[in-house]
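Residue-level structure breakdown
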Amino acid sequence: MPQNKIQFQHGMSLSELINQYGTEEKCEASLQKARWPTGFVCPACGQREHSRFLADGHWYWQCSHCRTQTTVRSGTLFHASRLPLTQWFQAIYLVTQNKNNLSTLSLKRHLGVAYSTAWRVKHKLLEAMRQREARRLLNGVVFADDAVLGGEHAGKPGRGSENKAPFMAAVELDDNGFPQHVRFDPIADYKGTTFAAWAKRALHPDSHLVTDGCTSFNAAGAQVAAHGAIIVGNKKSSDLEPFRWVNTFISNAKTAITGTYHHFDFDKYRHRYLAEAQYRVNRRFDLASLVGRLVHACANTTPCPERWLRLAETEAS
Ligand SMILES: [Zn+2]
């Protein structure tokens, strides 16, 4: 069973984390390599010639051409943070190696920091994950179904309800019918125009979309090469074999998110919580490399001020 191999893989142990990222120097070296893999590049003018000096315990790179001074953190997700990199890396470890999403309270306890600090760290990491995943286009045969956070599927005529947070789940299958990549996207409603906009954002134009018979999916299907609708009648699509994988991932994502967050939270920040679940699923084959890969993503993500992080999805987009 391929799923068992995934569940029982080694991942990264706590002692491996300490061994690789246990000191500020090791973390800084790792961040430096992720940010400038071929050596320093001035963020202001793009030149490589530079000098280095130590001030207030931090290394500064000074461009020989424009004299701009840079630390390895400035301009990245870690910009302006006073938290040691070792704690940032511990947070990256916890957020990637956990099966479920990670609550702010749990992160606060693990790191031994204030709740507000834990909130900022977590949402910045989630934002790096979201930006990474936003560009992903599913291709080939893609099964999609809508779902809600905070409640069961409401049934075909009255999909969703006012106090539920709807989202679209889609799974790309390989030639053997095994799942490869997934997307979980918040949706505002169940209109055809909404589904069409989702398809443009989430699917490669050459993909073949398979859905249930909900008419709004026709608008999504019109955006891609082919669309097949399986009429489910009185049954729920989750009872049908072709929808097995998409419903397994929906169920896992709901468990990962609703078991961790309160409703008011996932209603406002579901774009990030869904991305957190999606990021982990799409990298599930190699758990051990996840820490290094998220460090790389953070090194290449621009700073995210807290004011902006606190905007709901519709305000931020
Ligand atoms: Zn320069």
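Coordinates for the structure precede this section.
Let me sum up the structure you'll find in this document. (Residues numbered from 1 in each chain as written. Predicted model: local features only at pLDDT ≥ 70, side-chain atom pairs only at ≥ 80, totals over all residues. Heavy atoms only, no water.)

Concerning the pairing of strand β1 (residues 50-55)
Where we set the bar: When DSSP finds two or more bridges between two strands, those strands count as paired. Strands here mean DSSP runs of E at least two residues long; helices mean DSSP runs of H or I at least four residues long; both are numbered from the N terminus.
Looking at chain direction, β1 and strand β2 (residues 58-63) are connected through 6 bridges and run antiparallel. Within β2, the residue paired with F53 across the bridge is Y60. Following β1, the chain reverses through 2 residues before pairing antiparallel with β2; D56 in that reversal takes a positive phi of roughly 50 degrees.

Regarding the sheet that holds strand β8 (residues 226-230)
Let me state the cut-off plainly: Convention adopted: a line fitted to C-alpha atoms gives each axis, helices being fitted over their contacting stretch, and angles between N-to-C directions are expressed from 0 to 180 degrees.
In space, the 5 strands of this open sheet follow the order β6-β5-β4-β7-β8, with mixed pairing throughout. Both outer strands of the open sheet, β6 (179-186) and β8, are each paired with one neighbouring strand and no more. Averaged over all adjacent pairs, the angle separating strand axes in this sheet is 25 degrees, with direction ignored. Pairing between strand β4 (residues 141-149) and strand β5 (residues 165-173): 9 bridges, direction antiparallel. Its bridge partner being in β5, D145 is matched across the sheet by A169.

What about the packing of helix α4 (residues 85-97) against helix α5 (residues 104-111)?
Keep this limit in mind: Angles below 35 degrees are treated as roughly parallel, those above 145 as roughly antiparallel, those between 65 and 115 as roughly perpendicular, and all remaining angles as oblique. Left-handed is the label given to a crossing in which the near helix is rotated counterclockwise from the far helix by less than a right angle, and right-handed is the label when the rotation is clockwise. Any two residues whose heavy atoms approach within 4.5 Å at even a single point are treated as in contact.
For the pair α4 and α5, interaxial distance at closest approach is 10 Å and the crossing angle is 135 degrees. Relative to α5, the element α4 is oriented oblique. In this structure, α4 crosses over α5, and the sense of that crossing is right-handed. Of α5, the residues touching α4 (which contributes Q87, Q90, A91 and L94) are L107, H110 and L111.

Looking at the pattern of salt bridges
Defined as follows: The salt bridge definition used is simple: a Lys or Arg side-chain nitrogen within 4 Å of an Asp or Glu carboxyl oxygen. Throughout this description, buried means an accessible area under 20% of the type-specific maximum (1.4 Å probe, protein chains only), exposed means over 50%, and partly exposed covers the range between.
Scanning the model with the defined rule gives 10 salt bridges in all. Note that E306 is salt-bridged to R310, the shortest N-O span being 2.9 Å. Exposure remark for E306: the relative accessible area of 25% places this residue in the partly exposed category. Ionic contacts of the salt-bridge type, sharing partners, join the residues R120, E306 and R310 into one network.

Quick word on the packing of aromatic side chains
For clarity, the threshold we go by: Stacked, edge-to-face and tilted are the three classes for Phe, Tyr and Trp ring pairs, Trp counted by its six-membered ring, which pair at centre distances within 6.5 Å; planes under 30 degrees apart are stacked, over 60 edge-to-face, the rest tilted. A ring is scored as having a charge over it whenever the NZ atom of a lysine or the CZ atom of an arginine sits within 6 Å of its centre and within 35 degrees of its normal.
Applying the stated criterion across every chain yields a total of 12 aromatic pairs. Consider the rings of W119 and Y269, whose centres lie 5.7 Å apart with planes at 65 degrees: the pair is edge-to-face. Placement of the pair is W119 in helix α6 (residues 115-134) and Y269 in helix α10 (residues 263-282), with a sequence separation of 150 residues. Both residues of the pair, W119 and Y269, count as buried. Ring centres 6.2 Å apart and planes at 90 degrees place the aromatic pair F167 and F184 in the edge-to-face group. Of this pair, F167 sits in strand β5 while F184 is found in strand β6, placing the two residues 17 residues apart along the sequence. When sorted by exposure, F167 lands in the same class as F184, which is buried. The aromatic ring of Y279 is capped on one face by R283, whose charged end is 3.7 Å from the ring centroid. Between the NZ or CZ atom of R310 and the centre of the ring of W119, over which it lies, the distance is 3.7 Å.

Some words on the environment of A253
Positionally, A253 belongs in helix α9 (residues 244-258). Since its relative accessible area comes to 3%, A253 is described here as buried. C-alpha of A253 to C-alpha of L149: the two residues are 104 residues apart in sequence and 9.0 Å apart in space.

Some thoughts on the side chain of S81
Our working rule: Two N or O atoms count as a polar contact when they lie within 3.5 Å, although within protein this holds only if one can serve as hydrogen donor and the other as acceptor, and sequence-adjacent residues are included solely when both atoms are side-chain atoms.
Tracing the backbone through its elements, the reader meets S81 in the loop between β3 (69-70) and α4. A polar atom in the side chain of S81 sits 3.0 Å from the side chain of W88. Setting aside chain neighbours within four positions, we find S81 in contact with R73 and W88.

In short, geometric facts, not functional conclusions.
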